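Summary of the model geometry
The residues making up each chain are set out below.
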Amino acid sequence: MRLFSWWLRRALSAVVTLFLVSILIFAASRLMPGGFAEVVLGPFATPEQKAEVAAKYGLDESIVVQYWLWLTTALTGDFGISMISGEPVTTEFGLRLPVTAELALFGVAAALLIGVPLGVWTAVRAGGRRGRAALGRLASGLGVSVPEFVLGSIVVFLFSRYALGLTVGGYVPVGEDPVGNLQSMLLPAAVLSVFVIAVTARTTRDAVLGVLVEPYITAAIARGESPGFIVVRHVLRNASIPVVTVLTTVTAYLLGGAVIIEYLFNLPGVGTYIVQAVGRRDYAVVQAGVLLAAVVFIVMNTLTDAAAGVLDPRFGSAAKGRKR
Amino acid sequence: MRIPRILCAVAATAVLASCSAAPVSDNAPTSEVPGYLAVADEAVTSGGTLDLQMTVDNGAPTGLDPQLADVATSWQLMSLVYETLVTVGPDFSIEPALAESWDNPSPTEYVFNLREGVTFSNGRAMTADDVVGSFERLLAGQGVWKTQIGPVEKVSKVDDRTVSVTLSSPYQPFLASLANVPAAVLPMQEIEDGSVDITKEMLGTGPFVVKSHRQDVSWQFTRRDGYWAEGKPSADTVNITIAGQEQARMAALQNGSADLVMLGNVDAPELLNGVRGTAVGTQATTDFYYLMLNSNAPGGKFDDPRVRQAINIAMDRDAIADSALGGLGKPTGVTPAGLPGSCDPALLPSARADLDRARQLLKEAGAENLTFELAAYSTAPAPAVAQVIQQNLQRIGITVNIEQLDEGSWSGKVYGEVPATFDAALSWFAGYADAAMVGKWWNPEQAGFNLGFMEPNAELNTAIDKAIATPAGPERDTALQQLCDAVDTDAQMIPLVTRPALIGYRSDALSPTLYATEGYGNVFRGIADFRLLTK
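Residues numbered from 1 in each chain as written. Chains lettered and ligands numbered in written order. Predicted model: local features only at pLDDT ≥ 70, side-chain atom pairs only at ≥ 80, totals over all residues. Heavy atoms only, no water.

With an unreviewed UniProt entry as reference, chain A is termed ABC transporter permease, source organism Prauserella endophytica. Its UniProt record gives chain A a comment under Subcellular location (unreviewed entry), which states: "Cell membrane". Regarding chain A, the UniProt comment filed under Sequence similarities (unreviewed entry) reads as follows: "Belongs to the binding-protein-dependent transport system permease family." (UniProt positions renumbered as here; feature names shortened; annotations may be inferred.)

1. With respect to empty space enclosed by the protein
If a probe as big as a water molecule is rolled over the atoms, it shows which places are left empty. All names here are of chain B. What the rule picks out here adds up to two cavities of 30 Å³ or more. Of the voids in this model, the largest cavity is the one considered here, and its volume is about 70 Å³. Lining the largest cavity are Gln-67, Leu-85, Val-131, Ser-134, Phe-135, Leu-138, Ile-149, Leu-178, Ala-183, Ala-184 and Val-185. If one sorts the elements of the lining of the largest cavity by residue count, helix H3 (residues 128-140) sits on top with four residues. The residue makeup of the lining of the largest cavity, split by class, is nine nonpolar, two polar and no charged. (1 Å grid on protein atoms, 1.4 Å probe; cavity = no way out; pocket = protein on both sides within 12 Å on 5 of 7 lines; lining within 4 Å. Points joined across faces, edges and corners; volume = space filled by probe spheres on them. Helix = DSSP H or I, 4+ residues; strand = E, 2+ residues; numbered from the N terminus. Nonpolar A, V, L, I, M, F, W, Y, C, P; charged D, E, K, R; others polar.)

2. Some remarks on the sheet that holds strand S5 (residues 99-106) of chain B
Residues and elements named next belong to chain B. Taken together, the four strands give an open sheet; going across it, the order is S5-S6-S8-S7, and neighbouring strands pair in antiparallel fashion. Sheet topology places S5 and strand S7 (152-159) at the edges, where each strand pairs with a single neighbour. Averaged over all pairs of adjacent strands, the angle between strand axes in this sheet comes to 20 degrees, irrespective of strand direction. The sheet contact formed by S7 and strand S8 (residues 162-167) spans six bridges and is antiparallel. Paired with Val-155 across the strands is Val-165, a residue of S8. The sheet contacts of H3 involve strand S6 (109-114), S7 and S8, and relative to S7 the element is tilted by about 170 degrees. (Pairing = 2+ DSSP bridges. Axes fitted to C-alpha atoms, helices over the stretch in contact; angles between N-to-C directions. Contact = heavy atoms within 4.5 Å.)

3. So, helix H7 (residues 148-161) of chain A
Between the first and last C-alpha of H7(A) there are 19 Å, a value that for 14 residues agrees with the 20 Å anticipated at 1.5 Å per step. Taken together, the buried positions of H7(A) are occupied by A:Glu148, A:Gly152, A:Ser153, A:Val155, A:Val156, A:Phe159 and A:Ser160. The arc enclosing the buried residues of H7(A), seen along the axis, measures out at 165 degrees, which places them on a common side. Residues of H7(A) that are buried make contact with helix H8 (178-212), helix H10 (227-255) and helix H11 (259-264) of chain A together with helix H7 (246-254) of chain B. (Expected span 1.5 Å × (residues − 1). Buried < 20%, exposed > 50% of the residue type's maximum accessible area, 1.4 Å probe, protein only. Arc of directions from axis to C-beta.)

4. Some remarks on the environment of A:Leu236
Residues and elements named next belong to chain A. Turning to its location among the elements, Leu-236 is positioned in helix H10. Expressed as a C-alpha distance, the spacing of Leu-236 and Thr-204, which sit 32 residues apart in the sequence, is 9.1 Å. Filtering out sequence-adjacent residues up to four positions away, Leu-236 remains in contact with Val-120 and Val-231.

5. Quick word on the interface of chain A and chain B
Counting from both sides, the interface comprises 34 residues of chain A and, opposite them, 37 residues of chain B. Taken together, the two surfaces of chain A and chain B that pack against each other cover about 3,000 Å², and 53% of this comes from carbon and sulfur. The tally of links from chain A across to chain B stands at two salt bridges. The closest approach of N and O atoms between B:Asp406 and A:Arg281, which form a salt bridge, is 3.3 Å. Our enumeration of links across chain A and chain B arrives at eight residue pairs in polar contact (both at pLDDT 80 or more). For the side of chain A that touches chain B, the secondary-structure elements that each account for two or more residues are helix H2 (36-41), helix H3 (47-56), helix H5 (89-124), H7, H11 and helix H12 (270-280) of chain A. (Buried area = accessible area lost by both parts, 1.4 Å probe. Salt bridge = Lys/Arg side-chain N within 4 Å of Asp/Glu carboxyl O. Polar contact = N/O pair within 3.5 Å; in protein donor to acceptor, adjacent residues only side chain to side chain.)

6. What about the pattern of salt bridges?
Residues and elements named next belong to chain B. Under the counting rule described, the total for this entry stands at 24 salt bridges over all chains. Of the charged contacts, one joins Glu-116 and Arg-161 as a salt bridge, the two residues approaching to 3.8 Å between their closest N and O atoms. Here Arg-161 lies in the loop between S7 and S8 and Glu-116 lies in the loop between S6 and H3, a separation of 45 residues in the sequence. Look at Glu-116 and you get exposed, because its relative accessible area is 59%. Its relative accessible area of 32% is what places Arg-161 among the partly exposed residues. Through salt bridges with shared partners, one network takes in Glu-100, Glu-116 and Arg-161.

7. Remarks on a nonpolar patch on the surface
On the surface, a cluster of nonpolar side chains totalling about 710 Å² of accessible area is made up of A:Phe149, A:Val150, A:Ile154, A:Phe157, A:Leu158, A:Tyr162, A:Leu164 and A:Ile260. In terms of residue count, the dominant contributor to the nonpolar patch is H7(A) (five residues). (Patch = residues over 30% accessible without salt bridge, like charges linked within 9 Å, V, L, I, M, F, W, Y side chains within 5 Å. Areas by Shrake-Rupley, 256 points an atom, 1.4 Å probe, with all protein chains shown as cover.)

8. Digging into the domain arrangement of chain B
Residues and elements named next belong to chain B. Looking at the assigned domains, one finds that chain B contains domain 1 (40-58 + 206-285 + 500-532), domain 2 (84-193) and domain 3 (288-498). Using C-alpha coordinates to define each centre, domain 2 is positioned 33 Å away from domain 3. Residue-level contacts link 14 residues of domain 2 with 16 residues of domain 3. Both faces combined, the contact of domain 2 with domain 3 buries some 1,200 Å², and carbon together with sulfur accounts for 68% of it. On the domain 2 side of the interface with domain 3, the three residues burying the most area are Phe-92, Gln-148 and Gln-172, jointly 44% of the side's total. Taken together, the links from domain 2 to domain 3 amount to zero salt bridges. Remark: the boundary between domain 2 and domain 3 carries four residue pairs in polar contact (both at pLDDT 80 or more). Every element with two or more residues in the side of domain 2 that touches domain 3 is listed here: helix H4 (145-148) and helix H5 (174-178). When grouped by side-chain class, the residues that make up the side of domain 2 that touches domain 3 number eight nonpolar, five polar and one charged. (Domains from an automatic or database assignment.)

9. Considerations on the UniProt feature "transmembrane region" (unreviewed entry) in chain A
All names here are of chain A. With numbering aligned to this structure, UniProt lists the feature "transmembrane region" (unreviewed entry) at residues 103-126, 138-162, 182-201, 243-265 and 285-304. As annotated, residues 103-126 comprises 92% helix and 0% strand, and the C-alpha atoms at either end are separated by 32 Å. Split by type, residues 138-162 is 88% helix and 0% strand. Its first and last C-alpha atoms lie 29 Å apart.

The structure is reproduced here in structure tokens:
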């Protein structure tokens, strides 16, 4: 029952947040300087053409009516029509989502398979040779601080200027050519992974270091448990909450579209699409895209909280304590 | 630690070398055929897949209707499918296309003899009715091109292969205006019976048909059977990828995943210099940058013609061409440099005056310490052009604050309000294929888009009308010079420099046909001739 009420509270909070976000997105898209008429139709458009397009997309209604119409149709899963392509926005996102999802998958996999073990390893070895620890910190610091566009530009330059065996730019759908797909995604995924690995490794390292000084770890060592067993049995679970938080945040960010990577490698993903839509004042696309990103963040946050409750029962107790 | 002297010397040499003049690109294509940047090698076997990359897709709520297409990108894409009665040659002479010949019995009458054996891609033969219907549809529609095709009074079918067009008054650019995609011959029978919606699909007489299109991602065209020009097109398939990022296009060119790419960076020839197997050509275009001075600007900053003239005098077009466009643009008047009959920008009234005259004009107008905002969009090289303008005007005591905006915000600021509230703005025009065509946009009552910031000028309008009505010959040259002078003196929209098009291609994979100068921004004009060397 307590779990049900927790989910209910989260759901209500998500609905309220999304409602507020929807107002914000709608207002922001309409406050952008430069209207659809000038941007989409161009300077030569006649007043008749402008009126025709306004009527077609409901832009001749008052802002409140426009919002209400958008909100009520969005609730049925209809996010409107793109003014540029004339296609339903959901269809357009459906075409681009696989690219973004694949990139996100690579990023999350890199974080899990490389970032987490690297963080644990550098934490466990923190008491060892000073040079190694400093090197680990330097590497993760560089990974976090070097902007994606710098690293991406270097990679694009090197791999296009010199035949180094990997495809630079363009996207091959996995259903069309799985090997070609892998070749086209490897470099963008690698560039993206540098930041993701670095941030995950740093967080993991800090969390693990925090756990390693706990008395129960000292007790485990005193009991003669092996270091591997201690890490797996006692450290990982207790250090996992901040790591899970970072991982879910990174996943949500990646699912919203890694714009810079998509642009640099010419990947037709969600991020590029939203940026293009902003530039062209394609309102329906902007609204749907930002709302989609907000939904992803809210869902991921909720899942993070749920995972935290499972990983550390004290979360639930704390809530209970507050009630008393 | 002491740094060895030899290292210091090497470093100093490197720094000095980087500060010296940019190296001349040695991978520029050279053609011995006059008027061409490159000519496809016909000895190469036909066939293969052509991979091209463009910066933006055709994208408008008006869809794929060629008569409503008003930007060069759309013309470029649509030219693979649609064709016109006539076309322009490399020297801007009018050449046959769907009309194999034409007669001009009087200055206001044109009779087109249609080519035999032309079919639309659905197999139906093109008829005189399609030509007549296309004209009528264009004239009745809302496309901007109806302004450019001139005072068409009557279009009639003489017989199945002959169409007659009567103008209400002489209009010299008529044939040149017919050579652009919006004047294409459409499948009128299918449009009228509703079997084709040309806002959603393309059905033309051209060499290719659309196989697939994903908005802002890609196009795929395939060769069509039954194309009237024997042996054309050469390529079986044309893949066009839309790649907004310059770096991505350059990468695709370098690693060979694209055979030809459009480039925007004027330094591209130097950046790609030395990359084996690539060539970067600079195609001159008749497009040109211009400066708008809003006659309705707040505070009446530019309502005095003397202030505008002073600004025009201070424009150093050579400096703009050299510094902002890497020497690839050319100074121009309103008749775009490169077109037959275009006026010499060095002879313009503003070019003949000096900076003292500019200062004197400002003094007379009481605008000695003028400060204004210049709205420029952020797409290169516009910001660099704006900076040179800023420096130019500093010389006569004018302070320019550059406002760099994304294209949407820029459009909203410049075209969003009537009367407009901006001070000044930088933009560019497509220059078209006849020296007098673009001049029509200097009459705001005809152009429409500039009504918010430009006051009609009766004298200028007379010069525009005379330039478009005067037939080719010495009299027309005089009329064009008068048009240039009138625009220069009016100075509400000041022509600056031409806008070059940079084309990178794999010289080891592709043998393209490219004009040296292009009037309608159509790099794909010769695409039916492109030969693939390695596929």
